[in-house]
Amino acid sequence: MKSLDSQKQIISGVSTAAGSIIFLAILVAVQYIVLQHPVRWDLTKTGKFTLSSQSKKVLDTLKEKKLPVEAIAFYETKSVAARDAVKDLFDQYRDTYPDFHYRFIDPDKDRAIAKANKVESYPTIVLKVGEKEEHITTADEEAVTNAVMRLIRNEVKKVYFLT
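Rules used throughout
- Residues numbered from 1 in each chain as written.
- Predicted model: local features only at pLDDT ≥ 70, side-chain atom pairs only at ≥ 80, totals over all residues.
- Heavy atoms only, no water.
- Helix = DSSP H or I, 4+ residues; strand = E, 2+ residues; numbered from the N terminus.
- Rg over C-alpha atoms; globule rule 2.2 N^0.38 Å.
- Buried < 20%, exposed > 50% of the residue type's maximum accessible area, 1.4 Å probe, protein only.
- Contact = heavy atoms within 4.5 Å.
- Salt bridge = Lys/Arg side-chain N within 4 Å of Asp/Glu carboxyl O.

**Digging into the overall build of the protein chain**
Part 1 of the reasoning: A tally of helices and strands in the protein chain yields five helices and four strands.
Part 2 of the reasoning: Scaling as 2.2 N^0.38, a compact globule of 163 residues should have a C-alpha radius of gyration of about 15 Å, whereas the protein chain reaches 26 Å, well beyond that.
Part 3 of the reasoning: Reported as C-alpha extents along the three principal axes, the dimensions of the protein chain are approximately 115 × 35 × 35 Å.
Part 4 of the reasoning: Considering the protein chain as a whole, with its 163 residues, one finds that 25% of them fall into the buried category.

**Side note on the side chain of T145**
Part 1 of the reasoning: If you trace the backbone, T145 turns up in helix 5 (residues 141-152).
Part 2 of the reasoning: Under the relative-accessibility criterion, T145 is labelled buried at 5%.
Part 3 of the reasoning: Those residues in contact with T145 that sit more than four places away from it in its chain are Q54, S55, V58 and Y93.

**Description of the environment of V119**
Part 1 of the reasoning: Within the secondary structure layout, V119 lies in the loop between helix 4 (111-116) and strand 3 (124-129).
Part 2 of the reasoning: Assessed through its relative accessible area of 6%, V119 is described here as buried.
Part 3 of the reasoning: Spatially, the C-alpha atom of V119 lies 8.0 Å from that of F74, the residues being 45 residues apart in sequence.
Part 4 of the reasoning: The contact partners of V119, leaving out residues within four places of it in the chain, are F74, R111, A114, T124 and V126.

**Focus: the pattern of salt bridges**
Part 1 of the reasoning: The tally for this structure, following the rule as stated, stands at six salt bridges.
Part 2 of the reasoning: K78 is the salt-bridge partner of E76, the closest N and O atoms lying 3.9 Å from each other.
Part 3 of the reasoning: A residue is classified by how much of its surface remains accessible, and K78, at 67% relative accessible area, is exposed.
Part 4 of the reasoning: A salt bridge links D91 to K87, with the shortest nitrogen-to-oxygen separation between them at 3.0 Å.

**Description of unusual backbone geometry**
Part 1 of the reasoning: Here the bond from Y122 into P123 is cis, since omega is 10°, no more than 30 degrees from zero.
Part 2 of the reasoning: In this structure, P123 sits in the loop between helix 4 and strand 3.
Part 3 of the reasoning: The phi dihedral of K66 is positive, around 55°, even though this residue is not glycine.
Part 4 of the reasoning: Along the chain, the position of K66 falls in the loop between helix 2 (53-65) and strand 1 (69-74).
Part 5 of the reasoning: Notably, K118 is not glycine yet its phi reads approximately 60°, a positive angle.
Part 6 of the reasoning: Note on placement: K118 falls in the loop between helix 4 and strand 3.

As structure tokens, then:
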């Protein structure tokens, strides 16, 4: 009887350990998949954390043309709230268009990069598409999308003088 009870205890212990290991393996696999494919949900009524349809159309145009976008945001390190708001906005753009890359630079610490990008005041965001670049000082969706639209526009504006 004792050997039968000890065998049951061993089997029960082994099955509990195996079940725990399988559960942890599944948990690790799910966590890995979630980290590789992040998804954002905007649960606000106003859609505060969702790009507008116009912005998505502009990003679709970039996808068709396969043009990467680089955004360099010149913000002071101490401007944490402003930097976080811009980071959230840029994350929305990057989630919609993976070739949207951004970085933050403190113009006081990296003066050479600020001068190379012709930054005279801050906060300033420099958007680059190919060889073209735009400087904006307002960090909202409308300003960023309009700047990107100007960068991908191929037509040269003509000015006519009437005499």
